Amino acid sequence: MHVFVTGATGWVGSAVVGELLGAGHQVTGLARCQEKGSALASIGAKVVRGTLDDLDVLHQAASAADAVIHTAFNHDFSRFAENAEQDRRAILALGGALQGSERPLLVTSGLFGLSPGASELEVVSPASPRKSEATARDLAERGVRVATVRLAPSVHGAGDYGFVPILIRLARDKGISAYPGDGSHCWSGVHRLDAARVYRLALEQGVTQSVYHAVADEAVPFKDIAQAIGHGLGMPVESRDREHFGWFAHMASANMAVSSEYTRGLLGWVPSGPGLLADLEHPDYYAG
């Protein structure tokens, strides 16, 4: 297939591009600047210059592809509402290019707002501030072949700059690796390369479901994550109230742990990368 990938130079998107190219697919990736475009071209992908605000560019690139994977999202939490609206518009532009065809679209979202242990069948609340999944459902009602890949809150691996590094920076700043309450609430985790394989397998099977869970570690207690960070930094580990976590308190306190049993069985997906706690033993997480 010829696949158009947004966020093609990002943490998840770059792994997806590598996975697709390795399986013999052709990839066109969206890149914001010449430097990122050159990096994409160097591994064999075609490049389209643009951003999520360039809706005509997104529409044209999606129109020329056999399938589309949307991994891009601006994670500046100070502008989350605006970024969610930007994401919604981009998804509509991509879906509009595919409407009336059988060409699939995979949209990326997270686990925030789902019940602990939720399956792929549970629907995210319409009140969720991120609109990726709700927009995908709207497109499905218009006849677009679209599905959502829900990513674990920790998509980990060498070079990680996601939520766990935020916790590591917070521990450095405060001199303590903390967990809210008793730390019994859980996060799911997935290695970045395992997550990329979910996207490829879903595309190759024709995107037959509305939701897939890219989740390897289904439920890692938050206290265990804090203890691993404390061990890596040589710091004490203690409970703290929500205020300790500042703007990140809503994520640090959230129970974001779901089942991926259905996705594993449907796709024949067997995660092979290290688990979250094993990855947190690697010194690269604490360098710099």
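Residues numbered from 1 in each chain as written. Predicted model: local features only at pLDDT ≥ 70, side-chain atom pairs only at ≥ 80, totals over all residues. Heavy atoms only, no water.

**Some words on the layout of surface pockets**
Argument step 1. In this model, the second largest pocket occupies a volume close to 210 Å³.
Argument step 2. Around the second largest pocket, the lining is made up of 14 residues, and of these Gly 159, Asp 160, Pro 165, Asp 284 and Tyr 285 lie nearest the centre.
Argument step 3. The element contributing the most residues to the lining of the second largest pocket is helix H6 (residues 163-174), with 4 residues.
Argument step 4. Among the residues forming the lining of the second largest pocket, the class breakdown is 6 nonpolar, 3 polar and 5 charged. (1 Å grid on protein atoms, 1.4 Å probe; cavity = no way out; pocket = protein on both sides within 12 Å on 5 of 7 lines; lining within 4 Å. Points joined across faces, edges and corners; volume = space filled by probe spheres on them. Helix = DSSP H or I, 4+ residues; strand = E, 2+ residues; numbered from the N terminus. Nonpolar A, V, L, I, M, F, W, Y, C, P; charged D, E, K, R; others polar.)

**Describing empty space enclosed by the protein**
Argument step 1. This model, assessed by the stated rule, comprises 1 cavity of 30 Å³ or more.
Argument step 2. If you add up the space inside the largest cavity, you get close to 60 Å³.
Argument step 3. Looking at the largest cavity, the residues that line it are Leu 167, Leu 170, Ala 171, Ile 176, Ser 177, Ala 178, Phe 222, Ala 226, Ile 229, His 244 and Phe 245.
Argument step 4. Contributions of two or more residues to the lining of the largest cavity are made by H6, strand E8 (177-180) and helix H8 (222-233).
Argument step 5. Grouping the constituent residues of the lining of the largest cavity by class yields 9 nonpolar, 2 polar and no charged.

**Focus on the pattern of salt bridges**
Argument step 1. Across all of its chains, the model carries 10 salt bridges by this definition.
Argument step 2. Among the salt bridges present, the one from Glu 102 reaches Arg 145, with a minimum N-O distance of 2.3 Å. Pair noted here: Glu 102 is in the loop between helix H4 (80-98) and strand E5 (105-109) and Arg 145 is in the loop between helix H5 (132-141) and strand E6 (146-151), with a separation of 43 residues, a long-range link.
Argument step 3. Its relative accessible area of 55% is what places Glu 102 among the exposed residues.
Argument step 4. Linking Glu 133 and Arg 150 is a salt bridge whose minimum nitrogen-to-oxygen distance equals 2.5 Å. Note that Glu 133 is positioned in helix H5 and Arg 150 in strand E6, a separation of 17 residues in sequence. For the residue pair Glu 133 and Arg 150, the accessibility class agrees, reading buried in each case. (Salt bridge = Lys/Arg side-chain N within 4 Å of Asp/Glu carboxyl O. Buried < 20%, exposed > 50% of the residue type's maximum accessible area, 1.4 Å probe, protein only.)

**Focus: the sheet that holds E5**
Argument step 1. If you trace the 7 strands from one edge of the open sheet to the other, you get E3-E2-E1-E4-E5-E6-E10, paired in parallel fashion. The open sheet terminates on both sides in strands that have one partner only, identified here as strand E3 (46-49) and strand E10 (211-214). Direction aside, neighbouring strands of the sheet carry axes that sit 20° apart on average.
Argument step 2. As defined by bridge partners, E6 adjoins E10 across 4 bridges and the pair is classed as parallel. Among the inter-strand pairings, Arg 150 is bridged to a residue of E10, identified as His 213.
Argument step 3. This element, helix H3 (residues 55-63), spans strand E1 (2-6), strand E2 (26-31), E3 and strand E4 (67-70) of the sheet and lies at about 155° to E1. (Pairing = 2+ DSSP bridges. Axes fitted to C-alpha atoms, helices over the stretch in contact; angles between N-to-C directions. Contact = heavy atoms within 4.5 Å.)

**Examining the pairing of E4**
Argument step 1. Burial along E4 is two-sided: the face carrying Ala 67 and Ile 69 and the face carrying Val 68 and His 70 are both buried.
Argument step 2. With 4 bridges connecting them, E1 and E4 associate as parallel partners. Note that in E4 the partner of Val 3 across the bridge is Ala 67.
Argument step 3. For E4 and E5, the ladder comprises 3 bridges, and the chain directions are parallel. Within the sheet, the bridge partner assigned to Val 68 lies in E5 and is Leu 105.
Argument step 4. At this point the chain moves from E4, through H4, to the parallel E5, and the crossover so formed is right-handed. (Right-handed = clockwise from strand over helix to strand, strands pointing away.)

**Quick word on unusual backbone geometry**
Argument step 1. Despite not being glycine, Val 207 has its phi angle at roughly 50°, a positive value.
Argument step 2. The topology assignment puts Val 207 in the loop between helix H7 (192-204) and E10.

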